[in-house]
Amino acid sequence: MTFGLENLDSIWQHLPKPVLVLEAWICDAGESRMEWQPDEQGLQQVLQLLKDSQSPDTATQRAVQEKLEQLNQFPDFNNYLIFVLTSLKSEDEPTRSLSGLILKNNVKAHYQNFPPNVADFIKRECLNNIGDPSPLIRATIGILITTIASKGELQMWPELLPQLCNLLNSEDYNTCEGSFGALQKICEDSSELLDSDALNRPLNIMIPKFLQFFKHCSPKIRSHAIACVNQFIIGRAQALMDNIDTFIESLFALAGDEDSEVRKNVCRALVMLLEVRIDRLIPHMHSIIQYMLQRTQDPDENVALEACEFWLTLAEQPICKEALSGHLVQLIPILVNGMKYSEIDIILLKGDVEEDETVPDSEQDIKPRFHKSRTVTLQHEGGEGEEGEDIDDDEDDDDDTLSDWNLRKCSAAALDVLANVFREELLPHLLPLLKGLLFHPDWVIKESGILVLGAIAEGCMQGMVPYLPELIPHLILCLCDKKALVRSIACWTLSRYAHWVVSQPPDAHLKPLMTELLKRILDGNKRVQEAACSAFATLEEEACTELVPYLSFILDTLVFAFGKYQHKNLLILYDAIGTLADSVGHHLNQPEYIQKLMPPLIAKWNELKDEDKDLFPLLECLSSVATALQSGFLPYCEPVYQRCVTLVQKTLAQAMMYSQQPDQYEAPDKDFMIVALDLLSGLAEGLGGHVDSLVARSNIMTLLFQCMQDTMPEVRQSSFALLGDLTKACFPHVKPCIAEFMPILGTNLNPEFISVCNNATWAIGEICMQMGVEMQPYIPMVLNQLVEIINRPNTPKTLLENTAITIGRLGYVCPQEVAPMLPQFIRPWCTSLRNIRDNEEKDSAFRGICIMIGVNPGGVVQDFIFFCDAVASWVNPKDDLRDMFYKILHGFKEQPATAFRVSTPSREGGASRRRVNGKTHPSVYCTAPIGGEETFGCSP
């Protein structure tokens, strides 16, 4: 709420100067002290301020806000606010509470400027009135107390905690409840401080005190007590650990409590204890599971939601399978039942509205977008997502309008994780239910069955395969259901089975699914459009070039959607087009396809202003399209290139102005610069040498030098990706800058920033392939860091692979400088590259390692078996590389420690590299031997 103030200039004229006070001597407990009292006229005008501030008129509110800012320069104004909150009981409660909330905001913003007498008066009034008869006023005072405490005042207000704890013993309910409310807020905001030596560990007194109130006759007090203790479970506060058995016994005693808030807090406690003290729960696990089964069906949905979290947490524990196996027959139907839309869900989702495509989106419908900077990765054998990788299309995508976590989402997530634990063992409990759900006449139940089918897709895929030939056609039929919410969930569930669909003959399922999804992309309902676009993007990723025969039909649909979609879905459409370009690659570079696709994209490009955040998804889309079209993008490249350079230049200029005068300028949104850098990378990758003239006519190298030193890691990450791509595309423009760039690259070989380090490493590898022997002066700037990274435990696989490639390339161009360090990196080097698909990067790196072994054969002796293993990962090396392997293997077989030379072949040019935004593909180890069986007979 915006607070206002009108006609208050006269306050200062009617009140004593220099401060707004009337002082009276009041005797308290035998001590003399000054007690503040308000001026009556000033008080009336402050009350008028509070009433005016509730006006719905925006002009009044604006004027009021300005006056409020003026009044905040006079600390005594805060005395009036606390007086209205705590003492002016003749006023209505909303006005008193509003006074307290304005004071809370003042405390947050200006407390350090309050004179000591004002701060003391406010603190004293809070504690004296914590037992106000009004629940609203008690809650407001509690908020004010915890706000003061959060400003570092817990140490400076030593009487606060003892006094609040003493007030818990009051026979007056209001005083006890108000004190507990304040303590709960303090526990929430300052849990770590309360468990520290800084305050003399007050929890040693507070935790046992709270536990006493678990048996209080008031449910509100019982609920406060549990909530207070719950704040210290995850942090394993020592005072709680010392009383853990008493705590658990007290929770069990409250299991049957009639109050829903108490039950909710009991469930929350058990879920957290499952995470941090499962050892204490295991002896009681059967009873706890039975209790949670009941609570997951609680008539109060908030209680049911807290209980449902238990299954999510239990699924992460090693004991899950053993503990739950005997309870699946009860649990699975409960979770499935929880996956139905509630009546309120359907109302919020406008489930009765079938066509709304002409209704413009409101701004709150559109989630803020955050651009993910480009990350350079290598291709592996196989194409699936890396094991353990997060899936983007979570099962709650189907109802993201319900942004709050709810029982439906939690039940679906729980079923998903349990499917990953139990795999096919879940199906005997699910399949009988599924048949009844999927063919149910009630659309709400049918919809929940389709959600169930999607939720188990990942975990139960193998067991579901026999049923999919029958289920997939049924789901495709559901894409035509008369209810929009059924059509949208069918899109999502089908996307979860896209991998299987693509593995079948195209005419069996891929073609019918693609045809129906494209129809749904043009659906009359915006939610279905969104679900269909997202599902189609997933299908594109799985099908890749399988879609090439249908490109004309696909592009007709996607381009038609440009003229049909409202704001939100237009952003998702960009993603579908970008993913299509990534998936079919150069097959998109046909005049017919270019003529269909580019005009609407360029029209949108010209329509958007430089400061419009809709540029983010459009730039991402164009980056993929430019990379795919290659020379086909040439007619469009110049204005796109120039605008990207302008965006980078503008953002850097704004950042400079902000750093120099932060009071006068706003900090720029650097995402504009990041997406522009990434599109420039896409242009360089797609156009190759054609980008030369554009770079020559621009100041991009100067801008890149600044971006590489930006404080924001994502900017540096994208800068190094662009540097690598420009190195490959037009090295003559990069070469004059190498002396300035290399020290920056060296300082960014810091694995604390994984993606920045990864792209810097890759760029160094590309540069050295162009520099050749001229790389020699720069080896000391980077080699030690690279060797350290490749030996670092728990380094992500992508970074290890790029580090190994770059070390190999450095050895290829400067073997004398790198080979002496061979013993320090050869083992992790070999294990990092054993799973990489045959390609140019791998080729150049292995040539480098072979040359280094020739220079320093003793450096590989201790780990020679790892080199043999890495060599065996090659499927089809070039003939001259095969000869290098042969000479090394046989040289070691005959005289392992004797130095020998491997002739250096002519240097290969820069290698191609596939980019993936943040994703890595998993490895399938290929054991094809090189040069016959004798390869494996070698031993050092």
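Keep in mind the model is a prediction, meaning the values are calculated, not measured.

How each quantity is defined
- Sequence positions are assigned chain by chain, starting from 1 and proceeding in written order.
- Per-residue local features of the predicted model are confined to residues with pLDDT of at least 70, and side-chain atom pairs are confined, for both listing and counting, to 80 or more; whole-chain, interface and lining totals are unaffected and use all residues.
- Processing note: side-chain calculations cover all non-hydrogen atoms of the structure and skip hydrogens and water entirely.
- Each helix corresponds to a stretch of at least 4 residues labelled H or I by DSSP, and each strand to a stretch of at least 2 residues labelled E; elements are numbered beginning at the N terminus.
- One less than the residue count of a helix, multiplied by 1.5 Å, gives the span that helix is expected to have.
- Partly exposed residues are those whose accessible area sits between 20% and 50% of the maximum for their type, while under 20% is buried and over 50% is exposed, using a 1.4 Å probe and protein chains only.
- The residues that make up patches have over 30% relative accessible area and no salt bridge, and they are joined within 9 Å when like-charged or within 5 Å when they are Val, Leu, Ile, Met, Phe, Trp or Tyr.
- Method for areas: the Shrake-Rupley scheme with a 1.4 Å probe, in which residue coverage is limited to the protein chains shown.
- The term salt bridge refers to a pairing of a side-chain nitrogen on Lys or Arg with a carboxyl oxygen on Asp or Glu at a separation within 4 Å.
- Charged residues are defined here as Lys and Arg on the positive side and Asp and Glu on the negative side; His and the ends of the chain fall outside this count.
- Taken as the charge location is NZ of Lys, CZ of Arg, CG of Asp or CD of Glu.
- The convention used is that axes are lines fitted to C-alpha atoms, helices contributing only their stretch in contact, and that angles between N-to-C directions extend from 0 to 180 degrees.
- By the definition adopted for this analysis, an angle is roughly parallel if under 35 degrees, roughly antiparallel if over 145, roughly perpendicular if from 65 to 115, and oblique otherwise.
- Helix crossings are classified by the rotation of the near helix relative to the far one: an anticlockwise turn of less than a right angle makes the crossing left-handed, while a clockwise turn makes it right-handed.
- Here, two residues are considered to be in contact whenever any of their heavy atoms come within 4.5 Å of each other.
- To form a nonpolar core, buried Ala, Val, Leu, Ile, Met, Phe, Trp, Tyr and Cys residues must be joined to one another through side-chain atoms within 4.5 Å.
- Throughout, the edges of the domains are those of an automatic or database domain assignment.
- Put simply, two rings from Phe, Tyr or Trp (the six-membered ring, in Trp's case) pair if the centres are within 6.5 Å, and we call them stacked under 30 degrees between planes, edge-to-face over 60, tilted for the rest.
- The criterion is that NZ of a Lys, or CZ of an Arg, lies within 6 Å of the ring centre and within 35 degrees of the ring normal, and then a charge sits over that ring.

Asks: How do you make sense of helix α34 (residues 615-629) when you look at a structure like this?
Replies: Helix length check: α34, at 15 residues, gives a terminal C-alpha distance of 20 Å against a target of 21 Å (1.5 Å per residue), a fit within 8%. The buried fraction of α34 is high, at 13 of 15 residues. Downstream of α34 by a residue or two, Gln-630 has a phi angle that is positive, lying close to 50°.

Asks: It is not clear to me how a negative patch on the surface should be interpreted in this structure. Could you clarify?
Replies: Taken together, the side chains of Glu-541, Glu-542, Asp-575 and Asp-582 make up a negatively charged region of the molecular surface. When contributions to the negative patch are tallied by element, the ones reaching two or more residues are α30 (526-543) and α32 (567-584). For Glu-542, the location among the structural elements is in helix α30. Overall, Glu-542 belongs to the partly exposed group, its relative accessible area being 33%.

Asks: Got a minute to help me understand the packing of α30 against α32 in this structure?
Replies: A pair of packed helices is captured by two measures, namely the crossing angle of their axes and the spacing between those axes. Axis separation between α30 and α32 bottoms out at 9 Å; the angle between their running directions is 15°. One finds that α30 runs roughly parallel with respect to α32. Two packed elements cross with a definite hand, and for α30 against α32 that hand is left-handed. Contacts from Lys-526, Gln-529, Glu-530, Cys-533, Ser-534, Ala-537, Glu-540 and Glu-541 of α30 reach α32 at Lys-568, Asn-569, Ile-572, Leu-573, Asp-575, Ala-576, Thr-579, Leu-580 and Ser-583.

Asks: Honestly, the pattern of salt bridges in this entry has me stumped. Any pointers?
Replies: When the charged atoms of two side chains with opposite charge come close together, those side chains can pair. Considering all chains together, one arrives at 40 salt bridges under this definition. Across the pair Asp-481 and Lys-446 runs a salt bridge whose closest N-O atoms are separated by 2.8 Å. Separated by 35 residues along the polypeptide, Asp-481 in the loop between α26 (468-478) and α27 (484-496) and Lys-446 in helix α24 (residues 443-455) bring together distant segments of the chain. Exposure remark for Asp-481: the relative accessible area of 16% places this residue in the buried category. A residue is classified by how much of its surface remains accessible, and Lys-446, at 16% relative accessible area, is buried. Ionic contacts of the salt-bridge type, sharing partners, join the residues Arg-487, Glu-516, Lys-519, Arg-520 and Asp-523 into one network.

Asks: Just to check I follow, could you spell out the nonpolar core for this structure?
Replies: What tends to happen in soluble globular proteins is that the nonpolar side chains get buried as a cluster. In this structure, Trp-311, Phe-633, Met-775 and Phe-867 are the most contacted members of the largest nonpolar core, which totals 317 residues. Sort the elements by how many residues they give to this core and helix α36 (residues 671-687) lands first, with eleven residues. Of the residues that make up this core, three or more belong to each of domain 1 (39-152) and domain 2 (734-895). Dropping the residues within four chain positions of it, Met-775 is found in contact with Met-742, Ile-764, Ile-767, Cys-768, Leu-810, Val-813 and Cys-814.

Asks: Please clarify how helix α39 (residues 713-734) should be interpreted in this entry.
Replies: An ideal rise of 1.5 Å per residue puts 32 Å on 22 residues; α39 reaches only 22 Å between its terminal C-alpha atoms. With respect to burial, α39 is a largely interior element, 17 of its 22 residues being buried.

Asks: Explain the packing of aromatic side chains to me, please; I cannot follow it from the model alone.
Replies: We describe a pair of aromatic rings using the distance from one ring centre to the other and the angle between the two ring planes. What the rule picks out here adds up to 16 aromatic pairs. Seen from their ring centres, Phe-180 and Phe-210 are 5.7 Å apart, and the 35° between their planes marks the pair as tilted. Highlighted residues: Phe-180 in helix α9 (residues 173-189) and Phe-210 in helix α11 (residues 203-212), separated in sequence by 30 residues. Exposure class is identical for Phe-180 and Phe-210. Each is buried. Relative to Phe-867, the ring of Phe-864 lies with its centre 5.8 Å away and its plane at 35°, an arrangement referred to as tilted. Linking Phe-864 with Phe-867, this pair stays in helix α47 (residues 864-871), spanning three residues, or about one helical turn. Assessed through its relative accessible area of 0%, Phe-867 is described here as buried. Taken together, the ring pairs in this structure connect Trp-829, Phe-846, Phe-864, Phe-867, Trp-874, Phe-885 and Phe-892 into an aromatic cluster. Across the ring face of Tyr-341, the terminal group of Arg-408 is positioned such that the distance to the ring centre comes to 3.7 Å. Between the NZ or CZ atom of Arg-643 and the centre of the ring of Trp-605, over which it lies, the distance is 4.8 Å.

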